[in-house]
Amino acid sequence: MPETRIQGSKVLRQAVQGKWALVTGASAGIGVALAEQLAADGANVVLTARRLDRLDELANRLKADCGVETRTIAADLADPSAPQKLLDATEGSGLPIDILINNAGFGYQGEFAKGDAEWQRKMVDLNCASVVHLTRLFLPKMIERRRGYVMIVASTAAYQPVAYLATYAATKVFDRFLAEALAHEVAGYGIKVSALCPGPTESEFHAVAGTQQQLGRGLQSAEEVARLGLEGLVQGKHWVIPYTAGKAMVFMQRLMPRKLVSGAAAKMFRPKTN
């Protein structure tokens, strides 16, 4: 991995310096950028994903470049036992998590009826069930301390039905709605919750989901997405769309017939045939 090149943010440093953050899906893409940004602003980080070699490499780099403490925990959050494992390894061991970043997730492009049933069920387990479980385990600790931040990474796909990304988009609606609801529930305890809703971003997501053919309009850097998302979180924004075109798209959709919006999405993501 290259040297950490993310610059610190004054807004973030005041909020996160010296605190412990747990970042899921921290082995690639936005997860790496979120961990880098937090570390650049003085937060200690617990990194979790399936690929321990990548986590250890990132942890060593952040420790050397940013002077923060790091921990790594290999876990597959599609496994129902993983959230409790993470709680035991952190809060259960006297390590208070004040910043929970629910980033782990994946997508799939193709006809719903032709997609692998197990793969789609696992997507729901990871994108939705694990987010609920992990947040439910860590949130009471934050309430006791009357401080904390929770980010749930959703997507601009959460703002309309997306044919050929049907299950993925539906999971991201769930994530966005969960974050926005919790933001109201826990505000009185001094806790901030936000849904980060990126669009096309530099990450491994597109290779896994099979959406490379839709990327002609370019990709936003994971570093910019992470910075804007984290700044919005500490500023108390219930949701963050980190790019101007995405904000305009969401605004315009409110004025358009829903069938027209979903039809345009279907046309965009319909798999091309040779």
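Predicted model, so just to flag it, every value in this text is computed and none were measured.

What counts and what doesn't
Within any chain, residue numbers begin from 1 and follow the written order of that chain's sequence. Restriction of local features to residues with pLDDT of at least 70 applies here, the model being predicted, together with a cutoff of 80 or more for giving and counting side-chain atom pairs; totals for whole chains, interfaces and linings are based on all residues. Derived side-chain values reflect all non-hydrogen atoms in the structure, with water molecules and hydrogen atoms excluded from consideration. Numbered from the N terminus, helices here are DSSP runs of H or I no shorter than four residues, and strands are runs of E no shorter than two. C-alpha atoms define the radius of gyration, and 2.2 Å times the number of residues to the power 0.38 defines the globule rule. We call a residue buried when its accessible area falls under 20% of the maximum for its residue type, exposed when it is over 50%, and partly exposed in between, using a 1.4 Å probe and counting protein chains only. Here, two residues are considered to be in contact whenever any of their heavy atoms come within 4.5 Å of each other. Using a 1.4 Å probe, accessible areas were evaluated by the Shrake-Rupley method; residue-level cover was limited to the displayed protein chains. Note that His is not counted, nor are the chain ends; the positive residues are Lys and Arg, and the negative ones are Asp and Glu. Note on charges: their place is set at NZ of Lys, CZ of Arg, CG of Asp or CD of Glu. By nonpolar core is meant a set of buried Ala, Val, Leu, Ile, Met, Phe, Trp, Tyr and Cys residues that side-chain atoms within 4.5 Å join together. Note on method: axes are straight lines fitted to C-alpha atoms, helices fitted across the in-contact stretch only, with angles between N-to-C directions ranging 0 to 180 degrees. Our angle categories are set so that under 35 degrees counts as roughly parallel, over 145 as roughly antiparallel, 65 to 115 as roughly perpendicular, and the remainder as oblique. Crossing handedness is read from the near helix: turned anticlockwise from the far helix by less than a right angle, it gives a left-handed crossing, and turned clockwise, a right-handed one. Expected helix span is computed as 1.5 Å times (number of residues minus one). What is called the bend at a residue is the angle between a pair of axes, fitted to the seven residues leading up to and ending at it and to the seven starting from it. Distance and chemistry together define a polar contact, namely a pair of N or O atoms within 3.5 Å, with one atom able to donate a hydrogen and the other to accept it when in protein, and with adjacent residues in sequence counting only for side-chain atoms on both sides. Note on aromatic contacts: the rings of Phe and Tyr and the six-membered ring of Trp form a pair at centre separations within 6.5 Å, being stacked when their planes are under 30 degrees apart, edge-to-face when over 60 apart, and tilted otherwise. Two conditions define a charge located above a ring, namely a distance within 6 Å from the ring centre to NZ of Lys or CZ of Arg, and an angle within 35 degrees of the ring normal.

### Re the overall build of the chain
And then number 1: Scanning the chain from N- to C-terminus turns up 10 helices and 7 strands.
And then number 2: In terms of overall dimensions, the chain is globule-like: its C-alpha atoms have a radius of gyration of 18 Å, near the 19 Å expected for 274 residues.
And then number 3: Its C-alpha atoms give the chain principal-axis dimensions of about 50 × 40 × 35 Å.
And then number 4: By residue count, 53% of the 274 residues in the chain fall in the buried class.
And then number 5: When contacts within the chain are restricted to residue pairs at least 6 apart in sequence, long-range pairs at least 24 apart make up 73% of them.
And then number 6: Entry remark: accessible area of the chain is about 12600 Å², with carbon and sulfur atoms responsible for 54%.
And then number 7: Each charge class in the chain can be summarised by its mean position, and for the 32 positive and 26 negative side chains these summaries are 7 Å apart.

### Notes on the nonpolar core
And then number 1: Counting 45 residues, the largest nonpolar core has Val46, Leu100, Phe138, Val150, Val162 and Val193 as the members making the most contacts within it.
And then number 2: Mapped by element, the contributors of at least two residues to this core are strand S1 (20–24), helix H4 (82–89), strand S4 (97–102), helix H5 (117–145), strand S5 (148–153), helix H6 (166–186), strand S6 (191–196) and helix H10 (258–269).
And then number 3: Ranked by the residues each element gives to this core, the list is headed by H5, at 8 residues.
And then number 4: In this view, Leu100 contacts Leu22, Leu134, Thr135, Phe138, Met142, Tyr149, Val150 and Met151; residues no more than four positions away in its chain are not counted.

### A short note on the packing of H4 against H5
And then number 1: Interaxial distance between H4 and H5 falls to 9 Å at its minimum, and their mutual angle equals 30 degrees. One way to sum up the angle between H4 and H5 is to call them roughly parallel. Remark: the crossing between H4 and H5 carries right-handed chirality. Residue-level contacts link Pro83, Gln84, Leu86 and Leu87 of H4 to Ser130, His133, Leu134, Leu137 and Phe138 of H5.

### What about H5?
And then number 1: When the terminal C-alpha atoms of H5 are compared, their 42 Å separation across 29 residues agrees well with the 42 Å that a helix rising 1.5 Å per residue should span.
And then number 2: Along its length, H5 reaches its greatest deviation from straightness, about 35 degrees, at Ala129.
And then number 3: N-cap assignment for H5: the residue whose side-chain oxygen lies 3.1 Å from the backbone N of Glu118 is Asp116.
And then number 4: Phi turns positive one or two residues past the end of H5, at Arg146, with a value near 60 degrees.

### Some remarks on helix H8 (residues 222–234)
And then number 1: Taking 1.5 Å as the rise per residue, H8 with 13 residues should run 18 Å; its terminal C-alpha atoms sit 18 Å apart, in good agreement.
And then number 2: Tucked inside the fold, the buried residues of H8 contact helix H1 (10–16), helix H2 (29–40), S4, S5, S6 and strand S7 (239–240).
And then number 3: Once H8 finishes, Gly236 follows within two positions and takes phi at roughly 85 degrees, a positive value.

### Some words on the packing of aromatic side chains
And then number 1: For the structure shown, the criterion picks out 1 aromatic pair.
And then number 2: Centre to centre, the rings of Phe106 and Trp119 are 4.5 Å apart; their planes meet at 40 degrees, and the pair counts as tilted. Of this pair, Phe106 sits in the loop between S4 and H5 while Trp119 is found in helix H5, placing the two residues 13 residues apart along the sequence.
And then number 3: Look at Trp119 and you get partly exposed, because its relative accessible area is 35%.
And then number 4: Of note, Arg176 hangs over the ring of Tyr159, and the distance from its end group to the ring centre comes to 3.9 Å.

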